[in-house]
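Tertiary structure, described
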Amino acid sequence: MDKRNVEPFGLKLIMQVYNFAQVCLNVYMIYGLSEVVGVPNIFGINKPYSANLEFFCFVHFLSKALDYFDTIFIILRKKYDQLSVLHVYHHASIGMVWAYLLQIGHANGTASYGAFINSVIHFIMYSHYFIRSIGLENPFKRLVTSAQITQFYSCMLHAVLVPIYDEIIPKKLAILQLCYHTTMIYLFTNFYNQQYKSKGKGKKTS
Ligand SMILES: CC(C)(COP(=O)(O)OP(=O)(O)OC[C@H]1O[C@@H](n2cnc3c(N)ncnc32)[C@H](O)[C@@H]1OP(=O)(O)O)[C@@H](O)C(=O)NCCC(=O)NCCSC(=O)CC(=O)O
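The protein chain goes by Very-long-chain 3-oxoacyl-CoA synthase in an unreviewed UniProt entry, where it is assigned to Cymbomonas tetramitiformis. Looking at the Subcellular location (unreviewed entry) heading of the UniProt record, one finds this comment for the protein chain: "Membrane".

Below, the structure is given as structure tokens:
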């Protein structure tokens, strides 16, 4: 047997623990950030800044550093097809976006919606990865990707509504959000089409 194809047992266990820890961490962030969402104001427009929201946006920023373990696992497992443009771009950029918001003091109020919805989606995503890491297939994988894309569209809508209705956060930040999520929708739609629609199903994005 070719030793290079044998998964080190320790790594498999570490990935399972890591994915489970990510699920728990995202539940914690959903709980902490839930203050921003409500009915009918689902985006928390004009939500006053609070120490709680700033703290949880900071936790969310730190979680983006933790997410780098995904990349480390991919490299250690030599699963280079997973090291897509989408993966590298997203992991390299999203931490900087949150660092910038924290630095200018606007990782708060309605901006917390982005952290909230991403925590919900990452709860779903790491539940999926946990299932995969214990060696099971997830029959709902396609729905996981659809949920991720829906998240980006919701952030686009948020970015359109903020300059019109929000009187607290600087309007230029909505432009940043629009640009960022346009790139994410493009990359993820590409991934979706290659993964689920093309003849060669199972292919990865470049
Ligand atoms: C369903 C997806 C979540 C993942 O799809 P994939 O095709 O990449 O992955 P998959 O389900 O087929 O699993 C592939 C392999 O990853 C292993 N695996 C398990 N846990 C992992 C972890 N924490 N990090 C990296 N790999 C992991 C599985 O065991 C499996 O190994 P084996 O193949 O050996 O069995 C998809 O929607 C997606 O996000 N695709 C883009 C790829 C990506 O990098 N996504 C995360 C960052 S983007 C992001 O985070 C955006 C957002 O905010 O939503």
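The rest of the description comes next.
Now for the confidence of the model for the protein chain. Detailed reading of the predicted coordinates is not advisable wherever pLDDT falls low. Predicted confidence across the protein chain gives a mean pLDDT of 93, with 92% of residues reaching 70 or more. Across the interface, the model reports ipTM at 0.97; the global pTM reads 0.93.

Quick look at the UniProt feature "transmembrane region" (unreviewed entry) in the protein chain now. UniProt annotation of "transmembrane region" (unreviewed entry) refers to residues 12-33, 53-76, 88-105, 111-131 and 174-193 when read in the numbering used here. In residues 12-33, the share of helix is 100% and the share of strand is 0%. The end C-alpha atoms are 31 Å apart. Annotation note: span residues 111-131, helix share 95%, strand share 0%, distance between end C-alpha atoms 31 Å.

Our next topic: the site of the ligand. Around the ligand, the structure places 29 residues, and the nearest of them are Arg77, Lys79, His87, His128 and Gln148. Within the side chain of Asn19, an N or O atom sits 2.9 Å from a nitrogen atom of the ligand. Contact between the ligand and His122: an oxygen atom at 2.9 Å from a side-chain N or O atom of the residue. Taken by itself the ligand offers 1100 Å² of open surface, and the protein chains cover 92% of this. Elements with a minimum of two residues in the shell around the ligand: helix H1 (9-33), helix H3 (68-76), helix H4 (85-103), helix H5 (112-133), helix H6 (141-165) and helix H7 (172-197). Of the residues contributing to the shell around the ligand, the split by class is 10 nonpolar, 13 polar and 6 charged.

So, on to the pattern of salt bridges. Inspection of every chain in the model, using the stated rule, returns 2 salt bridges. With its nearest N and O atoms 3.5 Å apart, the salt bridge here joins Lys64 to Asp67. Judged by relative accessible area, which is 4%, Lys64 ranks as buried. Residue classification places Asp67 among the buried positions, given a relative accessible area of 4%.

For the rest of this paragraph, the subject is H5. Spanning 22 residues, H5 covers 30 Å between terminal C-alpha atoms, matching the ideal 32 Å at 1.5 Å per step. Once H5 ends, the next one or two residues include Gly135, with phi positive near 90°.

For the rest of this paragraph, the subject is the packing of aromatic side chains. What describes a pair of aromatic rings is the distance from one ring centre to the other and the angle between the planes of the rings. Applying the stated rule across the entire model yields 15 aromatic pairs. Pairing Tyr18 with Phe73 gives two aromatic rings, centres 5.2 Å apart and planes at 75°, and the pair type is edge-to-face. In this pair, Tyr18 is assigned in helix H1 and Phe73 in helix H3, connecting sequence segments 55 residues apart. Residue Phe73 is classed as buried on the basis of its relative accessible area of 6%.

Analysis parameters
Residues numbered from 1 in each chain as written. Predicted model: local features only at pLDDT ≥ 70, side-chain atom pairs only at ≥ 80, totals over all residues. Heavy atoms only, no water. UniProt positions renumbered as here; feature names shortened; annotations may be inferred. pLDDT = per-residue confidence, 0-100. Helix = DSSP H or I, 4+ residues; strand = E, 2+ residues; numbered from the N terminus. Near = heavy atom within 4 Å. Polar contact = N/O pair within 3.5 Å; in protein donor to acceptor, adjacent residues only side chain to side chain. Areas by Shrake-Rupley, 256 points an atom, 1.4 Å probe, with all protein chains shown as cover. Nonpolar A, V, L, I, M, F, W, Y, C, P; charged D, E, K, R; others polar. Salt bridge = Lys/Arg side-chain N within 4 Å of Asp/Glu carboxyl O. Buried < 20%, exposed > 50% of the residue type's maximum accessible area, 1.4 Å probe, protein only. Expected span 1.5 Å × (residues − 1). Phe/Tyr/Trp six-rings, centres within 6.5 Å; stacked < 30°, edge-to-face > 60°.

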